[in-house]
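Residue-level structural notes
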Amino acid sequence: MKVPWKWLMEYCRSPWSVEETAERLTMVGVSVENVVHDSFQGKGLVTAKVVSVSLHPKRPGLSVGLVDVGGRTYTVVSGAPGFKPGVITAFAPPGSKLPRKGSQKKQGSGKGDSSRSDEEALEVLARDVHGVRSEGMVLSVNEILTGEGPRPGEDIVIFPEGTALGLPLGEFLGLDDYVLELELTPSFSHCLSIIGVAVELSAISGVPIRLPQVLDSWSFLDPAGSRHAGDDHCSGAQGGKSERGMIEVVLEDPDLCPYYAGKTILEVKWNYSPIEVERKLYLAGMRPINALVDATNYAMLETGQPLHAFDLDKLAGGVVRVRRSRPGESIITLDGVLRELPAETLVIADAAGPVAIAGIIGGKETEVSETTHNVFLESAWFNPKSVRATSVRLGLRTEAQVRFEKGIDPTAQVACVERAAELINQVSGGKPVPGWSQARAARPPQKKIVLDLGYLEKVLGQSIGKDRTQATLRRLGFSVLDRDGSLEVSVPPRRVDVAEQVDLIEEVARHLGYENFKGQPLKVTVSPQIPREVIYKEQVRDLLRSLGGSEAVTNSLCGPEDIAAMGWEADDPRANPVKLQNPLTSDESLLRTSLLPGLLKGLETNKRYRAPGTIIWEMGTVFFPSKEELPLEKLQLAIAAWGTLAPKTWNAPPLEADFYYIKGLVQSLLAGLGVEEVVVEKRAGMPFHPGRSCKVLSKGVTLGEMGEIHPVVLEKYDLDRQTALAWLDVEALRAMSREPRYQPVPRFPRVERDLAVIAPEELEVGTIERLVKGEARHLVGFRVFDLWRGAPVPAGKKSIAFSMAFGAPDRTLTDEEVTLEIEMIVKKLEEKLDVTLR
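Cut-off values and rules
Residues numbered from 1 in each chain as written. Predicted model: local features only at pLDDT ≥ 70, side-chain atom pairs only at ≥ 80, totals over all residues. Heavy atoms only, no water. Patch = residues over 30% accessible without salt bridge, like charges linked within 9 Å, V, L, I, M, F, W, Y side chains within 5 Å. Areas by Shrake-Rupley, 256 points an atom, 1.4 Å probe, with all protein chains shown as cover. Salt bridge = Lys/Arg side-chain N within 4 Å of Asp/Glu carboxyl O. Helix = DSSP H or I, 4+ residues; strand = E, 2+ residues; numbered from the N terminus. Buried < 20%, exposed > 50% of the residue type's maximum accessible area, 1.4 Å probe, protein only. Phe/Tyr/Trp six-rings, centres within 6.5 Å; stacked < 30°, edge-to-face > 60°. Pairing = 2+ DSSP bridges. Domains from an automatic or database assignment. Contact = heavy atoms within 4.5 Å. Buried area = accessible area lost by both parts, 1.4 Å probe. Polar contact = N/O pair within 3.5 Å; in protein donor to acceptor, adjacent residues only side chain to side chain.

**A look at a nonpolar patch on the surface**
A surface patch of nonpolar side chains, amounting to about 230 Å² of accessible area, comprises Tyr455, Val459 and Val502. Structurally, Val502 is set in helix α14 (residues 501-512). Look at Val502 and you get partly exposed, because its relative accessible area is 38%.

**Some points on the packing of aromatic side chains**
The full count for this structure, using the stated rule, is 9 aromatic pairs. With a centroid separation of 4.6 Å and 35° between ring planes, the pair formed by Trp7 and Tyr298 is classed as tilted. With a gap of 291 residues between them, Trp7 in helix α1 (residues 5-9) and Tyr298 in helix α8 (residues 291-303) connect regions that are remote in the sequence. Ring plane angle 45° and centroid distance 5.3 Å describe the contact between Tyr74 and Phe91, whose orientation is recorded as tilted.

**Examining the sheet that holds strand β21 (residues 346-349)**
Spatially, 5 strands are ordered β15-β18-β21-β22-β23 in an open sheet, and the strand pairing comes out mixed. Since the sheet does not close on itself, it has two edges, and those belong to β15 (248-251) and β23 (361-362), each with one partner.

**Concerning the domain arrangement of the protein chain**
Partitioning the protein chain into structural domains gives domain 1 (2-39 + 179-210), domain 2 (46-175), domain 3 (216-440), domain 4 (448-514), domain 5 (532-736) and domain 6 (751-837). Of note, the centres of domain 2 and domain 3, computed from C-alpha atoms alone, are 36 Å apart. Residue-level contacts link 14 residues of domain 2 with 8 residues of domain 3. The junction of domain 2 with domain 3 conceals about 1100 Å² of combined surface from both sides, 59% of it contributed by carbon and sulfur atoms. Our count for the domain 2 to domain 3 interface comes out at 1 salt bridge. The shortest N-O distance in the salt bridge between Arg151 and Glu278 comes to 2.8 Å. Seen at the junction of domain 2 and domain 3, the total is 3 residue pairs in polar contact (both at pLDDT 80 or more).

**A look at helix α21 (residues 765-775)**
Buried within α21 we find Gly766, Ile768, Leu771 and Val772. Along its buried surface, α21 packs onto β40 (751-760), β41 (779-788), β42 (797-806) and α22 (815-833).

**Details of the pattern of salt bridges**
A side chain of one charge can pair with a side chain of the opposite charge if their charged atoms are brought near each other. Counted according to the given criterion, the structure contains 47 salt bridges. The salt bridge partner of Glu405 is Arg388, with a shortest N-O separation of 3.9 Å. Here Glu405 is found in helix α10 (residues 399-406), whereas its partner Arg388 is found in helix α9 (residues 384-394), with 17 residues between them in sequence. Given the relative accessible area of 23%, Arg388 is considered partly exposed. Connected through shared salt-bridge partners, Glu200, Arg495, Asp497, Glu507 and Arg510 make up one network.

Spelled out as structure tokens, the structure:
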């Protein structure tokens, strides 16, 4: 929000300098990020009087005149219709400078900076115009402000009779100004208008607000809100037409637009706005269009209520319908773009179809132009959520949309449209039709909040006092009644940000000055007991840090492409994520059902930066649809490894991110957490490789999956080297974890024996391990150290060699005891698994 300083002073004259005012506004929350000195770039431009005019001797349509600047005359050639004897206008003599083309649109930066430099000025020179020497030029508003030529139909600027001659134009018109650049938080939507900022300035300075007469007559800043049109002696058409120029208004969707008011002005004259209006609009960041459109923009910047001007004669059927769009409807908007209207888009429509997108932008077919004679002004309240949703779907943001989205005064529509009509009448003439074309579905309720003074003191930490609290709130426009230890506060409708007690407390605190509250030592009782789930998560993190890699934190939002890339089946819960109602982008439209897509993106980023290999892990929440109001949340752990994790050395090959690496890492993690009886089952689901992956179980409970990534998924993420993943359910993992138990160091030596067996190709080593551990009474260790396929092992078979350790806590086992156990193991392997001794 850009606030021109002189415009602000029209409503509340600050007793301080612009810099001090900016500082004081910032201290009460109206954050002024920058103060820009926007100095008028024109140099040497003055007021001048046209003394005499004659026709150009050679060029029809041009005139030659003498221009007096107060003691000196110049010969000037001009084709402007207003170049007539006796006219006082703006004049650029030879050697003066105009703004360089388009420079008005540039903005300065930094406190005290000028927005333009002398180097950007365009010097005016005397020149020959078809045989007549022209010593300078008379100026239009556009030439004065932008340095560009006159716009279509634009005449030279004409000043009131009696204006002194030779006055420097910048000083005479007050074109030098400061601009306060505000960075407003969502709770300061009431400051999206010049008057809204003026109210804040009035509250901190004590200087009363001065409103334009028409707004004052409608009680624009009254705590109860502006007067309703029905409260006036003449309310015009109530949903129907009563006289010439009245439009029938029909609210088909009152939940999205409960009130719509229109004002008709007949026989207007199309022209451009006065220079002071255009200068204000430029400084506020808006481009002047013409007097009709400028009046609506001016009133919006002044009051915060967006308005729109229709060419009345282009509205078909004499009716305005506020409704949702219909299938196949489209509209060419004011920016010349043909837009297909998504379903549920609120539109303003006449008998022929949509003429505006409600609260966002008007349509090209009904815009005002040089041919406009009759105007219909729109002023309405549109549902903020509807405007926001439409804006996101269309990818379109406008000044009007920002204000509707953040919330506007639901009572000010008629007051503001009357203000716009007044501005049009002052510049373009016309005959305002008495009353309004309007329709109302409901009146906005009056918000009242009971403020407990005890609660106020508790929140702020010190006593403020009833009188001081009341005075502060009243300065901000609230109505306050004393109710024995509490205050009944009526909230002005324009303050959509104030909804409960704590909001009123914030209003009191910020205007009393946060700097005036004394700090106090924090008095809280901290429980020495840390929740066990927190301790467990830190234990997992510590173990993963010790095993290598880095912790990652990825976005909890994802897009449809991320889900599709994983290759989950349609009936997999992970393939059916929770959808956001109003996502910012399609890439962040879903709640994640897995941590794996985020980690794969992290690996992809590391690859782009040419890392040889990476290990990253994350512990975070995943979400699933639920029958309850909120989605089901589960805590998940995921690990991702890619590429070469350790380089080749003279005595060891490189360490690659393959299945055996991720399996060893997960097994080490589970062992550190005290998870017992861990087994793996072959073949996990997508996105894992079908032959290089497995499920992880403990005592029959599935903990997760691990393995190398499927080639199809690998290609989608542009990962051209081995990639291994694992995910574990943290809640299941915690349930299976056991506290570490002390085990004494064996007092007696172990006996180690190796076996090599021939097993069917499809038999998993884990099955052999489970059988051996179940049958051997003194087995204390089992380790596979060799796997062989090929001659002399028969086809369809494989050779597995494993080492076993035997021991007892009370003695050293004899060879006979160990031999008996091995013979029993060999017998059971052959009987149950068709495994024979090699």
